[in-house]
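Architecture at a glance
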Amino acid sequence: MINYGIIKPVSIGMYALLPLGMRILNKLINLVDKEMTSIGAEKILLPALTSVALWKKTDRYDCNKTELFTLMDRHKKEYILSPTHEEAICDLISSAGQFSAKSLPLKLYQISSKWRDEMKPRLGLLRSREFIMKDLYTFDTSLDNARYTYNLVCESYNNIFRKIGVEYTKSIGDMGTIGGLMSHEYHYISNIGEDTILRCRLCHFSINQSISKTTSCPECKNELHQHTAAEVGHTFLLDTKYSQPLKALYVEENKSKPMIMGSFGLGLSRIITLAVEILSTKNELRWPVKLAPYTICVIPPKVGSKEEDTSIYVEQLFKIFSERDIDAILDDRTNYTIGKRLVLARALGYPYIIVIGKAATQSIPLFEVHDINNSTYFELSLDQINDYFNNIKFKN
């Protein structure tokens with residue numbers, strides 16, 4: 001991604017997203033936003049800084065101190081550059097007063113940068129000091145209701161990963177310092193991962209090895225097999241661990257009670273990194289179609305070539321894409337040969353490349369259509385291109 005202008009390192013463990021990188025991120029955000037809307041979650045944005053005092057109230061400060069970025073303002077008040085926002089969201093809820101039971105469940109999420117002072121940042125965006133995360137916090141009146149919400153959110157996560165199209169696993173997870181009653185981790189299987197999961201090939205039961213007490217599946221008794229994996233999502237059923245000390249309360253029958261919480265994280269920058277890591281070849285990037293910076297790249301003929309007059313078909317091609325709301329980019333560096341631009345377009349990982357070349361000079365013009373992810377190639381007329389892209393689902 002660095003070599004092809006997707007991201008650029010600016011300091012140790014911190015990266016700038018360049019224009020193509022932002023397009024990829026925005027497509028992923030759009031996919032996530034649609035899923036969150038479908039389950040009734042509402043989007044907010046919390047401050048990056050959280051008071052240290054809040055983390056001390058939940059006894060989380062001391063056990064996380066070595067990985068926290070901290071600072072002090074001119075009034076000698078200490079803050080954390082937040083790696084997660086359980087304390088901040090509870091403080092926000094508390095400041096709004098007591099909620100009625102009828103106003104719950106409440107589902108609030110944000111997409112923002114988070115910070116972790118990694119001792120050894122590595123593997124680009126996979127283990128960086130600043131990362132982009134979607135964090136959702138839910139509030140319910142009872143544990144039964146919270147479990148229902150938990151399952152609802154987990155299914156929405158399944159939908160997100162299915163739409164991205166890279167094989168994933170959902171495993172029983174380690175609750176770590178966040179805590180709670182129950183936890184699940186979403187992983188991509190990858191050799192660059194830092195987790196080991198145990199998975200049953202028969203029933204697909206999966207668990208993080210760090211919390212497993214057996215190598216046989218508790219559900220079907222078959223052997224569990226090890227896989228190196230990288231975490232891209234983590235869900236927690238928190239109960240009242242944060243809502244009680246921070247007084248995130250609701251009122252029922254004239255009694256104040258702490259809300260039952262869930263916390264749900266998706267590592268968006270990690271998803272991008274691992275998707276391209278898993279799909280790419282040695283010399284060429286590969287993107288899931290729904291995340292690619294542009295779905296189609298059109299390569300017109302070189303200026304001064306015998307095929308130059310066929311550039312008139314560019315407008316007709318883009319009309320086909322526009323009518324289907326398919327995003328496309330024109331490689332207008334016509335001082336380069338078609339061959340050179342084709343190599344560059346393949347390297348950047350555009351899922352479809354259309355070349356206006358020699359075949360376009362025929363009485364019935366034909367265009368090279370390269371399906372990069374499936375390693376297929378066709379010569380199609382405009383009408384056939386029209387039908388071809390009618391039959392491919394691009395919408396999230």
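The text that follows walks through the structure, step by step, so that each part is easy to find. (Residues numbered from 1 in each chain as written. Predicted model: local features only at pLDDT ≥ 70, side-chain atom pairs only at ≥ 80, totals over all residues. Heavy atoms only, no water.)

Turning to the packing of aromatic side chains, a few remarks are in order. As enumerated under the stated definition, the model contains 14 aromatic pairs in all. By way of ring pairs, the aromatic residues Phe318, Phe321, Tyr352, Phe378, Tyr388 and Phe389 are connected into one cluster. If you follow Arg60 out to its NZ or CZ, it ends over the ring of Trp55, 4.2 Å from the centre. (Phe/Tyr/Trp six-rings, centres within 6.5 Å; stacked < 30°, edge-to-face > 60°. Lys NZ or Arg CZ within 6 Å of the ring centre and 35° of its normal.)

Turning next to the sheet that holds strand 16 (residues 255–258). In space, the three strands of this open sheet follow the order 7-15-16, with mixed pairing throughout. On the outer flanks of this sheet lie strand 7 (99–100) and strand 16, each paired with one strand and no other. Strand direction decides the pairing type here: strand 7 and strand 15 (residues 249–252), joined by two bridges, are parallel. Looking at the pairing, Ser100 lines up with Val251 of strand 15. (Pairing = 2+ DSSP bridges. Helix = DSSP H or I, 4+ residues; strand = E, 2+ residues; numbered from the N terminus.)

Bringing the sheet that holds strand 6 (residues 78–81) into the picture now. On the basis of which strands lie adjacent, the open sheet formed by three strands has the order 4-6-5 and antiparallel pairing. Each edge of the open sheet is held by one strand with a lone partner, namely strand 4 (49–51) and strand 5 (69–72). Between one strand and the next, the sheet's axes are offset by a mean angle of 35°, whatever the strand orientation. (Axes fitted to C-alpha atoms, helices over the stretch in contact; angles between N-to-C directions.)

According to the stated counting rule, one finds 21 salt bridges in the structure shown. Between Lys65 and Asp62 there is a salt bridge, with its nearest N and O atoms 3.5 Å apart. Taking relative accessible area as the criterion, Asp62 reaches 61% and is therefore assigned exposed. The salt bridge involving Arg199 is made with Glu167; its shortest N-O contact spans 3.8 Å. (Salt bridge = Lys/Arg side-chain N within 4 Å of Asp/Glu carboxyl O. Buried < 20%, exposed > 50% of the residue type's maximum accessible area, 1.4 Å probe, protein only.)

The next subject is the packing of helix 7 (residues 313–323) against helix 9 (residues 382–390). Axis separation between helix 7 and helix 9 bottoms out at 10 Å; the angle between their running directions is 25°. Overall, the two elements helix 7 and helix 9 adopt an arrangement that is roughly parallel. Crossing of helix 7 over helix 9 shows right-handed handedness. Judged by residue contacts, Tyr313, Gln316, Leu317, Ile320 and Phe321 of helix 7 engage Leu382, Ile385, Asn386 and Phe389 from helix 9. Per-class residue counts for the contact of helix 7 with helix 9 are seven nonpolar, two polar and no charged. (Parallel < 35°, antiparallel > 145°, perpendicular 65-115°, else oblique. Left-handed = near helix turned anticlockwise from the far one by under 90°. Contact = heavy atoms within 4.5 Å. Nonpolar A, V, L, I, M, F, W, Y, C, P; charged D, E, K, R; others polar.)

Moving on, we get to helix 1 (residues 19–38). Over its 20 residues, helix 1 extends 29 Å from the first C-alpha to the last, a length consistent with the 28 Å expected when each residue adds 1.5 Å. If you check which residues of helix 1 are buried, you get Leu20, Gly21, Ile24, Leu25, Lys27, Leu28, Ile29, Leu31, Val32, Asp33, Glu35 and Met36. Downstream of helix 1 by one or two residues, Gly40 has phi in the positive range, about 80°. (Expected span 1.5 Å × (residues − 1).)

Don't take any of this as a statement about function, it's just geometry.
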